[in-house]
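# Overview (structure and organization)
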Amino acid sequence: MFGSVLVANRGEIARRVIRSARRMGIRAIAVYSEADAGLPYVAEADEAVPIGPAPAARSYLDVRAVLGAARTTGAAAIHPGYGFLAENAAFAAEVIGAGLIWVGPPPAAIEQMGDKINARNLMERAGVPVAAGSREPVGDETAAIAEAERIGYPVMIKAAAGGGGIGMSAAGSEAELRAGFATARTRAERFFGSSDILLERYIERARHVEVQILGLNDGRVLALGERDCSVQRRHQKVAEETPSPGITPQLRARMLAAASRAGEAVAYRGAGTVECLVDTQAQDFVFLEMNTRLQVEHPITEMVTGLDLVEQQLLIADGGDVSFAPDSVRPTGHAVELRVYAEDPRRFLPSPGVITEWSEPSGPGVRVDAGYTLGNEVTPYYDPLLAKLCVHGDDRDQALRRARAAVADFHIRGPKTNLAFHTELLDSDEFASGRYDTSVVARLRP
């Protein structure tokens, strides 16, 4: 096994990777910006290297600085976490070109899945269901109107090179399409360096369900179960659960099989996610996108499978076998993840500030993956995710009861947090029933 890994990330995911690496006897190296020098992950690493000022473009996104830190510390491998450089195929290729081990899928797989139009076309050829949509980038507003008429309203407007819900919007008419198209192009160019846009048929009252995959070195791609990610604000996930309460065992089996085919189509290695939209009325699904990295919500899959997904990533990157029998995975119980953000719980606007109180919940089935603690400052430079509150139970009812108690026992002062929103979500009849969709937050916050 390689002896050291540099974690090219920050906050809770850096802390998470460091924990598994050290347990495996691998020296864990952190990098940090000037704004993050006091965060827990920096102190917990075996070695930590400053890589620049607070803005991400001058630190965590600075390829030269990250590779320089790996070189000066003698790191054998680089784990990108999620976000920042995690799905940057050129960076992955540079890591490999520098003689380092890349803890992620092959750069070719990242590149193939990074462009949503190319990914759609590839998945369709692999026999994975896709929604009616663009096979080529939509060049201008006139072309968008013609394409929308071919697909049929309502349509979803997306940045072809994007992710994280940035720039996405739904259009139910030509007027809404004109407005949404202009905004999407502007944001796509700003955030992703490409103004390419695609249109897809918008499924109303849909659920967003993703499948955790793990590509092995023998060519097999395992599907380790699904997660329901339908609780979203601004097309960004806020809460997840596994298994999804909105699909039948028959649909689940079809989705897992399709996810394995999707991974095999790009010779996938390591951890990744195949995201789908589920039509709850028809009990059918279509491919949405593939995330070629570890997901934010991976802990709940770990809770129901008993696996350490970071450990498996490191083992696969080293060229070896995983630590479990591939045919033995049988998810048990139910798990819920609530993303705790430093944000206003009603308008969901970021709320930076110094943390003056921090008290985490504990107890049976409770896990907190936190990036901050008492005295840390939440700055405006990065995503305001403070922690992931994860709860496991024997069944969904027990998991929700434990989640309600854990939210009540999580005390944070200083920045505003969305804990009050999670209380409201867990107490809502729609969520508690399990019969919700991607519009549930809009109905709670009209």
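In what follows, the accompanying structure is described.

Calculation notes
Residues numbered from 1 in each chain as written. Predicted model: local features only at pLDDT ≥ 70, side-chain atom pairs only at ≥ 80, totals over all residues. Heavy atoms only, no water. Helix = DSSP H or I, 4+ residues; strand = E, 2+ residues; numbered from the N terminus. Rg over C-alpha atoms; globule rule 2.2 N^0.38 Å. Buried < 20%, exposed > 50% of the residue type's maximum accessible area, 1.4 Å probe, protein only. Contact = heavy atoms within 4.5 Å. Areas by Shrake-Rupley, 256 points an atom, 1.4 Å probe, with all protein chains shown as cover. 1 Å grid on protein atoms, 1.4 Å probe; cavity = no way out; pocket = protein on both sides within 12 Å on 5 of 7 lines; lining within 4 Å. Points joined across faces, edges and corners; volume = space filled by probe spheres on them. Pairing = 2+ DSSP bridges. Axes fitted to C-alpha atoms, helices over the stretch in contact; angles between N-to-C directions.

### A word on the overall build of the protein
A tally of regular secondary structure across the protein gives 15 helices and 20 strands. Against the 2.2 N^0.38 benchmark of 22 Å for 446 residues, the protein shows a C-alpha radius of gyration of 21 Å, consistent with a compact globule. Its C-alpha atoms give the protein principal-axis dimensions of roughly 55 × 50 × 45 Å. Within the protein, buried positions represent 57% of all 446 residues. Looking at the protein alone, contacts between residues at least 24 apart form 65% of all its contacts between residues at least 6 apart. Accessible area of the protein: about 17,100 Å², with a carbon and sulfur share of 49%.

### Here we look at empty space enclosed by the protein
The gaps left among the atoms become clear once a water-sized probe is rolled over them. Taken as a whole and judged by the stated rule, the model has one cavity of 30 Å³ or more. Roughly 60 Å³ of internal volume is contained in the largest cavity. The wall of the largest cavity is formed by 15 residues, among which V103, G104, P105, R293 and Q313 lie closest to the centre.

### Thoughts on the sheet that holds strand 2 (residues 27-33)
To summarise the sheet geometry, strands pair through backbone hydrogen bonds and adopt either a parallel or an antiparallel arrangement. Strand order in the open sheet made by the five strands is 3-2-1-4-5, with parallel pairing throughout. Only two strands of the sheet have a single partner each, and these edge strands are strand 3 (47-52) and strand 5 (101-102). Relative to strand 3, strand 2 runs parallel, the two sharing five bridges. Looking across to strand 3, one finds that A30 is bridged to A48. Strands in contact with helix 3 (residues 63-73) are strand 1 (4-7), strand 2, strand 3 and strand 4 (77-79); relative to strand 3, the strand with the most contacts, it is inclined by about 150°.

This is a description of form; function is not addressed.
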